[in-house]
Amino acid sequence: MNRQFRYFWLGCIVTSLSWAFVVYYSLSTQEPNTQPIPHEGYSNFHQRLRFHPKNPGFRHVDLDSPDFQERDERFHGRRRKDGIRNEVLNERNRPNKNDETDQGANDIGLIKNAKDQITREEGYHLYAFNQLISDRLGFHRAIPDTRHQLCTSKHYGPNLPPASIVVCFYNEAWSALLRTIHSVIDRTPKELLHEIVLVDDFSNLDHLKDKLEHYIDAHLPLVKLHRTTKREGLMRARTFGADHATGEVLVFLDSHCEVNRNWLEPLVSRIAEDKRHVVIPIIDIVSSDTFEYQASPLVRGGFNWGMHFRWDQIPEKDLKTKADYVNPVRSPTMAGGLFAIDREYFTYLGKYDQGMDVWGGENLEISFRIWQCGGTLEIIPCSRVGHIFRKRRPYGSPRGEDTMTKNSLRVAHVWMDEYKEYYFRVRPDAKIKAYGDISSRVELRKRLGCKPFKWYLDNVYPEQTLPDEQGHAPVAANQQIFAHPKHTPVKLGQLKHRESGMCVISTKEIHSKGALLKLGPCYDGRQKTSQVWTETDTHEFMLADLLCLDTEGSRRGRAFPRLMKCHFEKGSQEWKWMGEEHNHLYNAASGKCMAVITEEGEKYMSMEICSEDSNMEFEFVR
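### Some words on the overall build of the protein chain
Across its full length, the protein chain carries 14 helices and 28 strands. By the burial criterion, 54% of the 622 residues in the protein chain qualify as buried. Look at the contacts in the protein chain between residues 6 or more apart in sequence, and 72% of them connect residues 24 or more apart. Taken as a whole, the protein chain presents about 29,700 Å² of accessible surface, with 52% of it coming from carbon and sulfur.

Next comes the structure, spelled out in structure tokens:
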């Protein structure tokens, strides 16, 4: 028997050895994978990206999972052919022109259960933004290229100075902080990114301790983490970070940003021309409710006499040609969160005022100092960085002081000369408040030979106006107050609840801001203005063309839709039709759908977890 099958077994052995040799040769001659290992947030698969939960305790949305696809099909009425949304598309595959990037599935903020609701509510409490959406986005997402088209044809020199990116944080959300860092790494040329200096200003949240250190050690070799030994505040923490930086240029970013395409080259190129140029990107808006990335207009920084920063229109004389929209724009002040400066020049100018505490006033102080002491402050339109604009600051002073007033007094007494009296016209109460020792800053001004504040107003900010005896100042010269653009109606009629056959009306007069909504009889025959809703092309629902459907506020622990002044900034006033028959009104900012509930004998509108329940089905009728 053995002799009979001898040639068969010999053939098997020869075949096995042949296959082993082929496999070994294929592996040994294959080029090594030079692509960076995808970190938490996405992975490559046939040019597609998917979320994978790689770290315990960090939730992601797997957009290719059967659960997501089934829910996506149910609420959009069709299965998406691409199987994936653009918020996780590889940016390299995106067109280089301004595009309308679909930044996320409409229901990425959908609340599915009590855990989601808790995540969302705790996020607003701790960070003042929608943590549920932030976590689901992960660390990498595509964003629209918001630059002017002329920016795409600009070229920058080959020998630009490398930069240290300084990011200070205090009790920041895990996903927002890591998305800031990864966006810098993803969209910055390697030769320009010297390092990322991360400064923890004495945070006390657990995920910012060992977990952060382990993640940096495993995935972020360019990041250097430094921690303060006590709560220092923004100014001293940034100085601490700058002192540890070694790049030729310092770029300061807040810890909840997303840099855009080719963001750094225009900044460092301008500094390379003259070290006295301090430059600012255009700051795009990332919605704190929906995380939609929105382009900002070309405006510049100003201030009012209460010592608060404001955005001003750029004088018409400075925008005469198309090229003016991409050339550097002189700005009297900066918002403060994002700017780039030569590292040696930052030291020469006196860094930050170390007598300032926590937050507030530092942006005006460094702006005045740059201009009065021989530098220039410019907005660079071809550099864009997104920033989460929160509706409140989620932290205060450790001891409860009014740091904004203290810091503003230091600015006024050091830099504003006799013009500080105009500040006191607006804030007479500030005259008797303490502001600490300013002798070192006064000496700095003398040593640098800085110009008087009158020179600044005459030469840098001639549009500024002065307040009267009561502290009221007219609108700055050449400034226009713009109304919101008119939005195109796409639907007009009554909003009818299918199950009951009744229509959505206000509980008060149609001009009553804050009024709740309830069901009432639909009109017959002659149209009643009080029941006419308009759906706009930007997804607002306006009642009688007066007030908008909003989700702000709550009552008795529940969230109720209500009528509020239209702000046309989406968020809480953006509503999308969803569901198999497009009959659910979904609000991404709340993560819920509008529904009918019965309370005290009345049928009110409420915000509830989206489901197929018939109490959530509405339609437009004429």
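### So, the packing of helix H11 (residues 403-415) against helix H13 (residues 439-448)
Any two packed helices are characterised by how steeply their axes cross, that is the angle between the axes, and by the distance between the axes. Here H11 crosses H13 at 40°, and the two axes come no closer than 10 Å. The pairing of H11 with H13 is recorded here as oblique in orientation. For the pair H11 and H13, the sense of crossing is right-handed. Here Arg 410, Val 414 and Trp 415 of H11 come into contact with H13, specifically with Arg 441, Val 442 and Arg 445. In the contact of H11 with H13, the residues fall into three nonpolar, no polar and three charged.

### Notes on the state of the cysteines
With the rule as written, the count across this model stands at five disulfides. Across the disulfide, Cys 151 is cross-linked to Cys 382 (sulfur-sulfur distance 2.0 Å). Because the torsion about its S-S bond is -85°, the bridge between Cys 151 and Cys 382 counts as left-handed. Here Cys 382 lies in strand S14 (residues 376-389) and Cys 151 lies in the loop between helix H4 (131-137) and strand S3 (163-169), a separation of 231 residues in the sequence.

### Quick look at the pairing of strand S16 (residues 503-506)
Neither face of S16 is open: one carries Cys 503 and Ile 505, the other Val 504 and Ser 506, and all of them are buried. Here S16 runs beside strand S17 (residues 517-520); their pairing, made up of four bridges, is antiparallel. Each residue of the ladder has a partner; that of Cys 503, found in S17, is Gly 520.

### Some details on helix H3 (residues 114-127)
Under the 1.5 Å per step criterion, the end-to-end length of H3 is 19 Å for 14 residues, consistent within 8% with the ideal 20 Å. Of the positions making up H3, those classed as buried are Asp 116, Gln 117, Thr 119, Arg 120, Gly 123, Tyr 124 and Tyr 127. Within H3, the buried residues cover an arc of 160° as seen down the axis, which keeps them to one side. In H3, those exposed residues whose orientation departs by more than 90 degrees from the buried face are Ala 114, Lys 115 and His 125. Capping the start of H3, Asn 113 holds a side-chain oxygen 3.2 Å from the backbone nitrogen of Lys 115, two or three residues further along. After H3 finishes, the residue Ala 128 shows a positive phi value of roughly 65°.

### Quick notes on the packing of aromatic side chains
For the structure on display, the rule yields 25 aromatic pairs. Relative to Tyr 456, the ring of Phe 453 lies with its centre 5.1 Å away and its plane at 25°, an arrangement referred to as stacked. Placement of both Phe 453 and Tyr 456 in helix H14 (residues 453-459) is noted, with a separation of three residues, approximately one turn of the helix. Residue Phe 453 shares its accessibility class with Tyr 456, and that shared class is buried. A network of ring pairs unites the aromatic residues Phe 303, Trp 305, Phe 368, Tyr 419, Tyr 422, Phe 453, Tyr 456 and Tyr 461 as a single cluster. Against the face of Trp 174 rests Lys 211, its NZ or CZ located 4.3 Å from the ring centre.

### Describing the pattern of salt bridges
Side chains that differ in sign of charge can pair as their charged atoms come close. A complete count under the given rule lists 39 salt bridges for this structure. Measuring nitrogen to oxygen at the nearest pair gives 2.5 Å for the salt bridge that ties Arg 231 to Asp 201. Placement of Arg 231 in the loop between strand S5 (223-227) and helix H7 (234-244) and of Asp 201 in the loop between strand S4 (193-200) and helix H6 (210-219) is noted, with a sequence separation of 30 residues between them. Just as Arg 231 is buried, Asp 201 falls in that class too. Its salt-bridge partner being Arg 300, residue Glu 463 comes within 2.7 Å of it at the nearest N-O pair. Of this pair, Glu 463 sits in the loop between H14 and strand S15 (489-497) while Arg 300 sits in strand S10 (residues 300-303); the two residues are 163 residues apart in sequence, bridging distant segments of the chain. Salt bridges here are not isolated pairs; linked through shared partners, they connect Glu 232, Arg 236, Asp 357 and Lys 406.

### Describing the confidence of the model for the protein chain
Of the residues in the protein chain, 79% reach a pLDDT of 70 or more, and the chain-wide mean stands at 84. Predicted confidence is poor over residues 25-100, with pLDDT under 50, and the contacts of this stretch with residues over four places away or in other chains come to 148 contacts.

### Details of the nonpolar core
Counting residues in each nonpolar core, the largest one holds 57 residues, and the members touching the most others are Phe 339, Ile 341, Phe 368, Phe 453 and Tyr 456. The residues contacting Tyr 456, other than those within four sequence positions of it, are Phe 303, Pro 332, Thr 333, Phe 368, Trp 371, Gln 372 and Tyr 461. The next biggest cluster of nonpolar side chains, apart from the first, holds 50 residues, and it includes Phe 129, Val 184, Leu 193 and Leu 338.

### Looking at helix H10 (residues 362-372)
Judged by how many residues are buried, H10 sits mostly within the fold: 11 of 11 residues are covered. For H10, every residue scored as buried is listed here: Glu 362, Asn 363, Leu 364, Glu 365, Ile 366, Ser 367, Phe 368, Arg 369, Ile 370, Trp 371 and Gln 372. Where H10 ends, the next residue or the one after it, Gly 374, has phi of about 105°, a positive value.

### Re the environment of Ile 341
If you trace the backbone, Ile 341 turns up in strand S13 (residues 339-342). Ile 341 sits 73 residues away from Val 268 along the chain, and the two C-alpha atoms are 8.4 Å apart. If we ignore the near neighbours within four places in the chain, the residues touching Ile 341 are Val 249, Leu 250, Phe 252, Ile 271, Val 278, Phe 346 and Leu 349.

### Focus: the environment of Glu 121
Tracing the chain through its elements places Glu 121 in helix H3. Along the primary structure Glu 121 and Ser 590 are separated by 469 residues, whereas in three dimensions their C-alpha atoms are 9.9 Å apart.

### Some points on unusual backbone geometry
Residue Ala 128 is not a glycine yet carries a positive backbone phi of 65°. With respect to the secondary-structure elements, Ala 128 resides in the loop between H3 and H4. The backbone of Asn 262 sits at a positive phi, close to 50°, despite the residue not being glycine. Relative to the elements of secondary structure, Asn 262 occurs in the loop between strand S7 (257-259) and helix H8 (264-273). On the accessibility criterion, Asn 262 (34% relative accessible area) is partly exposed.

### Considerations on the side chain of Glu 365
Counting through the fold element by element, Glu 365 comes out in helix H10. A distance of 3.2 Å separates a polar atom in the side chain of Glu 365 from a polar atom in the side chain of Trp 415. Here Glu 365 is in contact with Asp 353, Met 356, Val 411, Trp 415 and Arg 441, once residues within four sequence places are set aside.

### Some words on the side chain of Glu 232
Following the sequence through the fold, Glu 232 ends up in the loop between S5 and H7. In this structure Glu 232 comes out as buried when scored by relative accessible area, which is 16%. A distance of 2.8 Å separates a polar atom in the side chain of Glu 232 from a polar atom in the side chain of Arg 236.

Reading guide: rules and limits
- Residues numbered from 1 in each chain as written.
- Predicted model: local features only at pLDDT ≥ 70, side-chain atom pairs only at ≥ 80, totals over all residues.
- Heavy atoms only, no water.
- Helix = DSSP H or I, 4+ residues; strand = E, 2+ residues; numbered from the N terminus.
- Buried < 20%, exposed > 50% of the residue type's maximum accessible area, 1.4 Å probe, protein only.
- Contact = heavy atoms within 4.5 Å.
- Areas by Shrake-Rupley, 256 points an atom, 1.4 Å probe, with all protein chains shown as cover.
- Axes fitted to C-alpha atoms, helices over the stretch in contact; angles between N-to-C directions.
- Parallel < 35°, antiparallel > 145°, perpendicular 65-115°, else oblique.
- Left-handed = near helix turned anticlockwise from the far one by under 90°.
- Nonpolar A, V, L, I, M, F, W, Y, C, P; charged D, E, K, R; others polar.
- Disulfide = S-S within 2.5 Å.
- Pairing = 2+ DSSP bridges.
- Expected span 1.5 Å × (residues − 1).
- Arc of directions from axis to C-beta.
- Polar contact = N/O pair within 3.5 Å; in protein donor to acceptor, adjacent residues only side chain to side chain.
- Phe/Tyr/Trp six-rings, centres within 6.5 Å; stacked < 30°, edge-to-face > 60°.
- Lys NZ or Arg CZ within 6 Å of the ring centre and 35° of its normal.
- Salt bridge = Lys/Arg side-chain N within 4 Å of Asp/Glu carboxyl O.
- pLDDT = per-residue confidence, 0-100.
- Core = buried A, V, L, I, M, F, W, Y, C linked by side-chain atoms within 4.5 Å.

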